[in-house]
There are 2 protein chains.
Amino acid sequence: MNNEIRKNRMTDATITVLKADNTPLANQELVIEQIEHKFLFGTAAFDLVPFTNGGYEGEKQEQARQRADKLLALFNAVTLPFYWARFEPQRGNPMTVQLKNAAKWCVEHHLPVKGHPLCWHTLTADWLLSMSNAEILQAQTARIQREVSNFRGLIDMWDVINEAVIMPIFDKYDNGITRLCKEMGRINTIKAMFEATRAENPSAILLLNDFDISPAYDILVEGCLEAGIKIDVIGIQSHMHQGYWGVEKTLEVLDHFSRFNLPIHFTETTLLSGQLMPPEIVDLNDYQVEEWPTTPEGEDRQAREAIQHYTTLFAHPLVEGITWWDMSDGGWLHAPAGLLRKDGSSKPAYDELLNLVKRECWISPTRFVTGENGKVQFNGFPGEYELTCAGKRGTFSLTKESASAIEVHL
Amino acid sequence: MNNEIRKNRMTDATITVLKADNTPLANQELVIEQIEHKFLFGTAAFDLVPFTNGGYEGEKQEQARQRADKLLALFNAVTLPFYWARFEPQRGNPMTVQLKNAAKWCVEHHLPVKGHPLCWHTLTADWLLSMSNAEILQAQTARIQREVSNFRGLIDMWDVINEAVIMPIFDKYDNGITRLCKEMGRINTIKAMFEATRAENPSAILLLNDFDISPAYDILVEGCLEAGIKIDVIGIQSHMHQGYWGVEKTLEVLDHFSRFNLPIHFTETTLLSGQLMPPEIVDLNDYQVEEWPTTPEGEDRQAREAIQHYTTLFAHPLVEGITWWDMSDGGWLHAPAGLLRKDGSSKPAYDELLNLVKRECWISPTRFVTGENGKVQFNGFPGEYELTCAGKRGTFSLTKESASAIEVHL
């Protein structure tokens with residue numbers, strides 16, 4: 001456990017254990033175990049959509065079930081896909097039912113879900129192209145209203161806007177959202193989308209998300225905040241297909257975005273277990289290969305870098321979530337970015353992250369003995385805890401604020 | 001004359017010439033000549049400070065006088081230096097008198113002056129380092145109030161903030177302005193400086209100026225405008241020590257900044273007549289050479305590129321000024337960036353720019369004949385004109401708005 005993690009992430013608490021008659025449970029041995037973590041260890045898990053909708057058969061379904069088990073063993077949060085082009089390929093025919101099935105499965109398994117994304121120029125609906133900008137704005141807003149309203153209670157966290165820095169100057173192909181953003185400007189587009197989302201689900205956690213880590217993005221965040229847009233979380237992608245950033249660059253990025261004193265999520269974290277993408281590629285989408293194998297050396301490197309990256313981020317007081325992208329090999333760009341190989345077997349990075357998350361960054365069942373006054377001195381990570389003593393069971397929430405006033409009734 | 005210049009820069013006008021008795025001057029030959037241009041063909045001319053303050057002697061003063069003559073022949077605007085470190089090396093001892101002498105000389109020679117810059121992290125006063133951030137803000141604000149107030153009427157155009165994109169993350173050396181901007185944020189720093197400037201000279205033209213042409217800068221402009229900061233002109237540097245941008249990149253930059261529909265000045269235009277700086281240099285200040293000669297091939301290239309760059313910019317409807325940086329060789333970085341060689345002789349770029357500005361982009365004395373109604377159809381560049389007919393003389397202003405309602409009384 002490094003000192004930064006202890007200082008920035010853990011909380012001291014005095015827990016008073018009380019019996020049914022409200023008197024202190026004195027001099028008793030008990031066990032405290034963390035059952036939920038406030039920090040979001042998440043993953044993109046797009047295959048949960050076919051998995052929960054009869055999209056696989058026979059062996060494929062069994063493999064998907066095994067992947068789901070491995071997901072549940074390691075992660076406590078999930079990102080589900082809402083790319084408009086795929087979610088509603090024909091206007092009026094959205095995949096609401098399928099996504100609801102996937103989201104319900106997540107909620108039943110205590111996995112908070114983030115929807116990704118509500119507004120993005122890439123993979124937006126191509127049927128926007130025949131519209132005027134006023135109609136595009138109306139359709140985009142209505143789309144947000146529909147999804148956010150339909151999924152309220154199932155999905156209360158959204159990447160509202162994806163990649164706004166490049167949005168109005170994206171020039172790979174014509175699309176409705178770039179047209180709209182070029183006319184409205186980035187800040188007004190963001191404002192409109194945030195307001196539409198907020199109106200449908202006032203308590204949802206709303207993210208601005210970008211791959212750009214240059215001053216352009218932190219200036220955009222500043223501009224949005226000065227314009228009165230309430231951003232709940234700053235989302236930073238880190239698709240490291242061209243190599244791990246390293247600690248120094250990661251800390252520098254954190255430093256630039258920390259000045260807003262807002263929570264930060266690392267929303268799309270990619271580390272490869274195979275050959276790296278050549279450095280001269282600017283748009284990662286330009287790198288098209290048929291086969292991109294995982295290799296033993298690559299898997300060792302990936303495991304090392306994953307631990308380093310997660311440890312660096314987990315130690316920073318403003319980071320509240322890290323999402324791995326993707327869970328399995330063969331997703332975006334066919335990259336060997338998974339924690340699982342194509343055959344479903346775990347790579348070293350999976351095993352080592354499991355150890356890091358569930359042992360180093362998680363309070364395993366631990367014995368304590370109460371004092372005369374029924375008190376226990378505790379130090380742990382914010383989250384939900386179970387306390388058991390002689391077959392009796394209580395729970396408590398640990399937050400930074402609750403630290404000195406926790407009472408558990410058995 | 002290219003079509004874009006004709007379309008975007010020139011104005012049709014019907015001029016009615018009237019005699020003293022207010023009747024039309026019919027069927028008379030007359031000559032119209034442009035005497036001032038609304039477009040600012042400017043140059044940095046820091047040596048006007050020693051020139052107007054007895055800083056040169058003998059031959060040096062004569063050379064400075066010749067440079068000043070060449071300046072007056074080509075340019076109609078000047079940028080004078082207000083780098084805080086040099087303007088007030090000892091607190092309380094500003095070079096107000098010297099700069100006033102230089103500014104007065106400019107105004108006497110019909111050259112509007114821009115002061116550069118009021119707030120910048122580079123070349124800021126080093127005595128800020130012993131202050132708290134609150135004291136730095138107070139000193140910087142007081143500095144703005146003093147200069148803007150002292151020079152009102154002499155200098156009514158200011159680069160208020162220089163290089164705000166990099167300001168809070170500048171890490172070459174500690175300085176008071178970076179500290180301040182890191183704490184306040186870019187937008188709030190800009191807001192404070194613009195407000196201080198505006199309060200002292202409400203009708204002054206205030207620029208935000210930056211070398212950054214990435215989305216970071218146009219997002220910053222958007223953030224400032226959304227935050228209610230009134231920017232009069234967007235200033236774009238173009239120090240092309242590493243090579244001419246070319247037309248395509250120039251048009252792309254113009255495209256990104258045009259969406260604000262604000263006037264644009266190219267505030268610091270450098271094209272070399274010698275070897276280019278290697279492309280791997282990121283901060284131009286890192287390139288330190290003792291000798292950087294001008295060469296015959298370099299001078300030919302510089303002339304070609306200067307004409308291309310000025311023509312591209314002059315054709316764009318939002319560009320309202322271009323400032324050459326520097327007038328003579330051996331200025332910043334010792335670069336062969338001048339239009340004049342160190343011995344004061346003109347390079348081809350000077351002669352060709354003189355031809356472009358005073359012939360192509362300027363209405364030379366031209367003969368017209370009035371009709372029965374005393375009218376003349378005219379097409380010219382916004383600015384001031386002189387009309388002479390049989391020894392009599394009148395003047396008129398051509399603006400986009402005045403075009404159809406110009407009357408000249410002889």
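These numbers were taken from a predicted model, which means no experiment stands behind them.

A closer look at helix α7 (residues 176-184) of chain B
Helical geometry note: an α-helix holds 3.6 residues per turn, so side chains three or four residues apart project in the same direction.
Residue and element names in this part refer to chain B.
Point 1. Along α7, the residues that are buried comprise Gly176, Ile177, Thr178, Leu180 and Cys181.
Point 2. In this structure, the buried residues of α7 make contact with α6 (133-150) and α8 (186-200).
Point 3. Put simply, asparagine 175 is the residue that caps the front of α7, since its side-chain oxygen is 3.0 Å from the backbone nitrogen of isoleucine 177.
Point 4. Where α7 terminates, the next one or two residues include glycine 185, which has phi positive at roughly 85 degrees.

Quick look at the sheet that holds strand β15 (residues 406-409) of chain B
Residues and elements named next belong to chain B.
Point 1. Judged by pairing direction, the sheet is mixed, and its 3 strands sit side by side in the order β12-β1-β15 without closing on themselves. In this open sheet, the two strands that pair with only one neighbour each are β12 (375-380) and β15. Within this sheet the neighbouring strands show an average axis-to-axis angle of 35 degrees, counted without direction.
Point 2. Pairing geometry for strand β1 (residues 11-18) and β12, over 6 bridges, is antiparallel. Within β12, the residue paired with threonine 16 across the bridge is lysine 375.

Brief notes about a negative patch on the surface
Point 1. Where like charges cluster on the molecular surface, the negative patch consists of Asp171 of chain A together with Glu248, Glu252 and Asp255 of chain B.
Point 2. As for its position among the elements, glutamate 252 of chain B is in helix α10 (residues 247-258).
Point 3. Relative accessible area serves as the criterion here: at 45%, glutamate 252 of chain B is assigned to the partly exposed category.

Describing the pairing of strand β10 (residues 319-324) of chain B
Taken residue by residue, a regular strand's side chains alternate between the two faces of the sheet.
Residue and element names in this part refer to chain B.
Point 1. Counting buried residues along β10, 5 of its 6 residues qualify, which places the element largely inside the surrounding structure.
Point 2. Two strands pair when backbone bridges link them, and strand β3 (residues 40-44) and β10 are joined in this way by 4 bridges, in the parallel orientation. Across the sheet, phenylalanine 41 pairs through a bridge with isoleucine 322, a residue of β10.
Point 3. The pairing of strand β9 (residues 264-271) with β10 spans 4 bridges and is classified as parallel. Residue pairing in the sheet places threonine 269 in a bridge with tryptophan 324 of β10.

Description of the sheet that holds strand β5 (residues 113-116) of chain A
Residue and element names in this part refer to chain A.
Point 1. Spatially, β3-β4-β5-β6-β7-β8-β9-β10 is the arrangement adopted by the 8 strands of the closed barrel, whose pairing is parallel. Each neighbouring strand pair of the sheet contributes to a mean axis angle of 25 degrees, computed without reference to strand direction.
Point 2. For strand β4 (residues 77-81) and β5, the ladder comprises 4 bridges, and the chain directions are parallel. Bridging across to β5, valine 78 finds its partner in valine 113.
Point 3. Across the sheet, helix α8 (residues 186-200) is in contact with β6 (155-162) and β7 (205-210); its angle to β6 comes to roughly 165 degrees.
Point 4. Contacts from helix α10 (residues 247-258) reach β8 (233-240), β9 (264-271) and β10 (319-324), with the element oriented near 155 degrees to β9.

Digging into the packing of aromatic side chains
All names here are of chain B.
Point 1. Counted under the stated rule, the structure contains 42 aromatic pairs over all chains.
Point 2. When the ring of tyrosine 83 is compared with that of tryptophan 120, the centres are 5.8 Å apart and the planes differ by 45 degrees; the resulting orientation is tilted. One end of the pair, tyrosine 83, is in the loop between β4 (77-81) and α4 (84-87); the other, tryptophan 120, is in the loop between β5 (113-116) and α6, with 37 residues separating them in the sequence. One exposure class covers both tyrosine 83 and tryptophan 120, and it is buried.

A word on the environment of methionine 157 of chain B
Residue and element names in this part refer to chain B.
Point 1. Checked against the element boundaries, methionine 157 lands in strand β6 (residues 155-162).
Point 2. Once the C-alpha coordinates of methionine 157 and leucine 207 are considered, the two residues, 50 residues apart in sequence, prove to be 7.8 Å apart.
Point 3. When residues no more than four places from it in sequence are discounted, the contact partners of methionine 157 are Leu40, Val113, Lys114, Gly115, Ile205, Leu207 and His265.

Focus: the environment of aspartate 47 of chain B
Residue and element names in this part refer to chain B.
Point 1. Looking at the element boundaries, aspartate 47 is found in the loop between β3 and α2 (48-51).
Point 2. Considering only alpha carbons, one finds aspartate 47 and alanine 64, 17 residues apart in sequence, at a separation of 7.6 Å.
Point 3. Residues contacting aspartate 47, with those up to four places away along its chain left out, are Tyr56 and Arg67.

Comments concerning the packing of α8 of chain B against helix α9 (residues 215-226) of chain B
Residue and element names in this part refer to chain B.
Point 1. At a minimum axis distance of 10 Å, the contact between α8 and α9 shows a crossing angle of 60 degrees. Here α8 lies oblique to α9, going by the angle between them. Crossing of α8 against α9: the hand is right-handed. Facing α8, whose interface residues are Arg186, Ile187 and Ile190, α9 presents Leu220, Gly223 and Cys224.
Point 2. Residues belonging to the contact of α8 with α9 are distributed by class as follows: 4 nonpolar, 1 polar and 1 charged.

Considering the confidence of the model for chain A
Point 1. Averaged over every residue, the pLDDT of chain A is 96; the share at 70 or more is 99%.
Point 2. Model confidence for the complex is summarised by a pTM of 0.92, with the ipTM given as 0.88.

Let's talk about the environment of phenylalanine 46 of chain B
Residue and element names in this part refer to chain B.
Point 1. With respect to the helices and strands, phenylalanine 46 occurs in the loop between β3 and α2.
Point 2. Here phenylalanine 46 falls in the partly exposed class, since its relative accessible area comes to 24%.
Point 3. As for phenylalanine 46 and glutamate 360, which are separated by 314 residues in sequence, their C-alpha atoms are 28 Å apart.
Point 4. Leaving out residues up to four positions away in the same chain, phenylalanine 46 has contacts with Thr79, Leu80, Pro81, Tyr83 and Trp325.

Concerning the pattern of salt bridges
Point 1. Summed over all chains, the structure comprises 44 salt bridges over all chains.
Point 2. A salt bridge links aspartate 159 of chain B to lysine 114 of chain B; the nearest nitrogen and oxygen atoms lie 2.9 Å apart. Note that aspartate 159 of chain B is positioned in strand β6 and lysine 114 of chain B in strand β5, a separation of 45 residues in sequence.
Point 3. We classify aspartate 159 of chain B as buried; its relative accessible area is 0%.
Point 4. A relative accessible area of 5% places lysine 114 of chain B in the buried class.
Point 5. Via salt bridges that share partners, Glu88, Arg143, Arg146 and Glu147 of chain A belong to a single interconnected network.

Calculation notes
- Residues numbered from 1 in each chain as written.
- Chains lettered and ligands numbered in written order.
- Predicted model: local features only at pLDDT ≥ 70, side-chain atom pairs only at ≥ 80, totals over all residues.
- Heavy atoms only, no water.
- Buried < 20%, exposed > 50% of the residue type's maximum accessible area, 1.4 Å probe, protein only.
- Helix = DSSP H or I, 4+ residues; strand = E, 2+ residues; numbered from the N terminus.
- Contact = heavy atoms within 4.5 Å.
- Polar contact = N/O pair within 3.5 Å; in protein donor to acceptor, adjacent residues only side chain to side chain.
- Pairing = 2+ DSSP bridges.
- Axes fitted to C-alpha atoms, helices over the stretch in contact; angles between N-to-C directions.
- Patch = residues over 30% accessible without salt bridge, like charges linked within 9 Å, V, L, I, M, F, W, Y side chains within 5 Å.
- Areas by Shrake-Rupley, 256 points an atom, 1.4 Å probe, with all protein chains shown as cover.
- Salt bridge = Lys/Arg side-chain N within 4 Å of Asp/Glu carboxyl O.
- Lys, Arg positive; Asp, Glu negative; His and termini not counted.
- Charge placed at Lys NZ, Arg CZ, Asp CG, Glu CD.
- Phe/Tyr/Trp six-rings, centres within 6.5 Å; stacked < 30°, edge-to-face > 60°.
- Parallel < 35°, antiparallel > 145°, perpendicular 65-115°, else oblique.
- Left-handed = near helix turned anticlockwise from the far one by under 90°.
- Nonpolar A, V, L, I, M, F, W, Y, C, P; charged D, E, K, R; others polar.
- pLDDT = per-residue confidence, 0-100.

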